[in-house]
Amino acid sequence: MHPDTTSESTPDPHNRYARMSDDEANAEARRIIADAYRPVEQTPTAYRDTTTVPAYGTTPPVPQPDHRIVPAWAAGTAVAGIGVGATCVGIGCGIWLACQGFAAVTLTSVLFITLPIAGVAGIAAAIGSALRSLRDIHTETHHHYSGPVRQETNQITAPAYGLIARNRNNLTL
């Protein structure tokens, strides 16, 4: 026994678990069984609002302009690039499969055969993209000013030298 504890704090090994009477045990068993078979309260997981939506309201319609993140010409170029890549892979695999019968043909030689095809397809996509962008470039903007005009030409010199550069922005008027 530890010297700081008294004999009153030490549990009696014979009465460690108190015994219940038969009536207490039956009551406890009934309580446990009733708790186990008690129905659980159902909480709704969804709700449907069945009220009708009005045909019109007091708020006027708001214009919702179409703001696309990617310009159409860029998306077209990307799709053309994916198409060129898929075509080159397909043609390359076809040539590789056709050349499987030849023992001297290697994968490197097949790649060198398909390289010009990929180059021609890439050039065709670039020309198509350039022509499409040239067609959209013809926009004229006319600026009409009235009143005195003041033209300022400021030159900003921002030298940055070395591995850890310190910017010194000098505005000369």
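Above this note sits the structure.
Source: prediction; values computed, not measured. (Residues numbered from 1 in each chain as written. Predicted model: local features only at pLDDT ≥ 70, side-chain atom pairs only at ≥ 80, totals over all residues. Heavy atoms only, no water.)

K.L.:
Would you mind going over the pattern of salt bridges with me for this structure?
P.N.:
Proximity of charged atoms lets side chains of opposite charge pair with each other. Across all of its chains, the model carries three salt bridges by this definition. Across the salt bridge formed by Asp35 and Arg38, the nearest N and O atoms sit 2.8 Å from each other. When its relative accessible area of 35% is taken as the criterion, Asp35 is described as partly exposed. Given a relative accessible area of 52%, Arg38 falls into the exposed group. Within this structure, Glu28, Arg31, Asp35 and Arg38 form a network of salt bridges that share partners. (Salt bridge = Lys/Arg side-chain N within 4 Å of Asp/Glu carboxyl O. Buried < 20%, exposed > 50% of the residue type's maximum accessible area, 1.4 Å probe, protein only.)

K.L.:
Help me out: how do you make sense of a nonpolar patch on the surface in this one?
P.N.:
Judged by side-chain polarity, Trp96, Leu97, Leu107 and Leu111 come together as a nonpolar surface patch covering roughly 420 Å² of accessible area. Of all the elements in the fold, those that place two or more residues in the nonpolar patch are α2 (72-98) and α3 (107-137). Relative to the assigned elements, Trp96 resides in helix α2. On the basis of relative accessibility, which here comes to 35%, the residue Trp96 falls in the partly exposed class. (Patch = residues over 30% accessible without salt bridge, like charges linked within 9 Å, V, L, I, M, F, W, Y side chains within 5 Å. Areas by Shrake-Rupley, 256 points an atom, 1.4 Å probe, with all protein chains shown as cover. Helix = DSSP H or I, 4+ residues; strand = E, 2+ residues; numbered from the N terminus.)

K.L.:
Hey, could you run me through the side chain of Thr114 in this one?
P.N.:
As for its placement among the helices and strands, Thr114 is situated in helix α3. Setting aside its immediate chain neighbours within four residues, Thr114 contacts Ile91, Gly92 and Ile95. (Contact = heavy atoms within 4.5 Å.)

K.L.:
Before we go on, may I ask you to explain α2 in this structure?
P.N.:
Between the first and last C-alpha of α2 there are 38 Å, a value that for 27 residues agrees with the 39 Å anticipated at 1.5 Å per step. Those residues of α2 that fall on the buried side of the exposure criterion are Val84, Cys88, Gly92 and Ile95. (Expected span 1.5 Å × (residues − 1).)

K.L.:
Where do I start with the environment of Ala118 in this structure?
P.N.:
Mapped onto the elements, Ala118 comes out in helix α3. Along the primary structure Ala118 and Thr87 are separated by 31 residues, whereas in three dimensions their C-alpha atoms are 8.4 Å apart.

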